[in-house]
Amino acid sequence: MPESRHIISHDQAEPPFFIGFDLGGTNIKVGVVDDRGRTLAYDRFPTRVPHGPENACQRMAAAIGPLLAQARLPPSAIARIGLGTPGTMDIPAGRLLEPPNLPGWEQFPIRDRLAELAGTQVTFSNDAGAAAFGEYWQGSGRGQNNMILLTLGTGIGGGIILSGHSLAGEHSHGAECGHIIIDYHATARMCTCGQPGHLEAYAAGLAIIKRTEEALEANRPSSLTERMRKPEPLTPLMISEEAEQGDPLSLEIVLETARYLGIGIVSLMHTLDPSAVIIGGAMTFGCHETSVGRQFLARVRAEVQQRAFPLLAAETKIDYAQLGGDAGYIGVAGLARLDHAGR
């Protein structure tokens, strides 16, 4: 829970009201949001993936009552519910297809089942698309009518906002930004999806660990070696911490990651011409609050400056996200708001 979350009182809120569920592989986050995107109530509980999607839908529906009591709202005050989940999915059908983060949840009609249990219409979205809309509506992308959100974590998620609407694509596979190709060579690194050369294979959390392990196996000196003797597992957070403490190899890995990310961003900029590219997720190296976070962003911007069309490089905002883990439930509540308004 980010410290920046601000819970407003019932007296400050403006109707209509919306509930946003951000369903992840570990936790489900949920909030009651007013017409201006402000949070009245919030909760988080385990997803419990092995228990299956029916159990998750029942627990989401059961969470609504206590959440409304916290917000001091009757059930009739909720205009619509939003639900964001990991892909793959068929958004028009409201169905999960084969989500890698939710094994055993294949081909489940999650939108309609939640709507049935909750007694309220549900807007369904990819979780990264929902987070992008959250940043567009209430975060770093506010005022940017066309923007891209890249979420850096174990993998790389993406969300695209065009003319104020979240891009889903013809087959509900739009904005798979982590899978754009940045290396076509036969020696290209393999992505976790099974295809070579994708951005995710170079700049995601698993990729950073892999590249660091290769450097250590080549006997590159690093303070990481001592930490791993404790034993302590190698993680992007450890690499970031050691880079902040001045370890040259760790900083090299972080800045190399920024270079790969910048290359991917340029391709997206040349394709979509956004007004902003926002970088979020769990792996942002402390954002503006740390030296490493500032150096990471500076290297991304420098790569874009070198490779992009001059006008795009000069005019496109590139910055960190602001909403943290709240972007998903706020964003999908915002998408429900659009559907409620018929836009």
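All of these numbers come straight from a predicted model, not from anything done at the bench.

This part is about the sheet that holds strand 11 (residues 276-280). Taken together, five strands build an open sheet; the order of strands is 10-9-8-11-12 and the sheet is mixed. Either end of the sheet is taken by a strand with one partner, and the two such strands are strand 10 (165-166) and strand 12 (317-320). Across two bridges, the pairing between strand 9 (residues 156-162) and strand 10 is antiparallel. Note on strand 10: the bridge partner recorded for isoleucine 161 is serine 166. Along the sheet, helix 3 (residues 127-138) contacts strand 8 (147-152), strand 9 and strand 10; its crossing angle with strand 9, the most-contacted strand, is approximately 55°.

On to the packing of helix 5 (residues 205-217) against helix 8 (residues 248-272), then. Contact geometry of helix 5 with helix 8 gives a least axis separation of 11 Å together with a crossing angle of 140°. Taken together, the axis directions place helix 5 and helix 8 in an arrangement best described as oblique. As helix 5 runs across helix 8, the sense of the crossing is right-handed. Taking contact as the criterion, the partners of Ile208, Arg211, Thr212, Ala215 and Leu216 in helix 5 are, on helix 8, Leu249, Ile253, Glu256, Thr257 and Tyr260.

The next thing to look at is the packing of aromatic side chains. Enumeration according to the criterion identifies five aromatic pairs in this entry. On the basis of an interplanar angle of 45° and a centroid distance of 5.4 Å, the ring pair of tyrosine 42 and tyrosine 329 is categorised as tilted. Placement of tyrosine 42 in strand 3 (residues 39-46) and of tyrosine 329 in helix 11 (residues 327-341) is noted, with a sequence separation of 287 residues between them. Judged by relative accessible area, tyrosine 42 falls into the buried class, the value being 15%. According to the relative accessible area criterion, tyrosine 329 is buried, its value standing at 0%. Aromatic ring contacts, followed pair by pair, group Phe133, Tyr136 and Trp137 into a single cluster.

Cut-off values and rules
Residues numbered from 1 in each chain as written. Predicted model: local features only at pLDDT ≥ 70, side-chain atom pairs only at ≥ 80, totals over all residues. Heavy atoms only, no water. Pairing = 2+ DSSP bridges. Helix = DSSP H or I, 4+ residues; strand = E, 2+ residues; numbered from the N terminus. Contact = heavy atoms within 4.5 Å. Axes fitted to C-alpha atoms, helices over the stretch in contact; angles between N-to-C directions. Parallel < 35°, antiparallel > 145°, perpendicular 65-115°, else oblique. Left-handed = near helix turned anticlockwise from the far one by under 90°. Phe/Tyr/Trp six-rings, centres within 6.5 Å; stacked < 30°, edge-to-face > 60°. Buried < 20%, exposed > 50% of the residue type's maximum accessible area, 1.4 Å probe, protein only.

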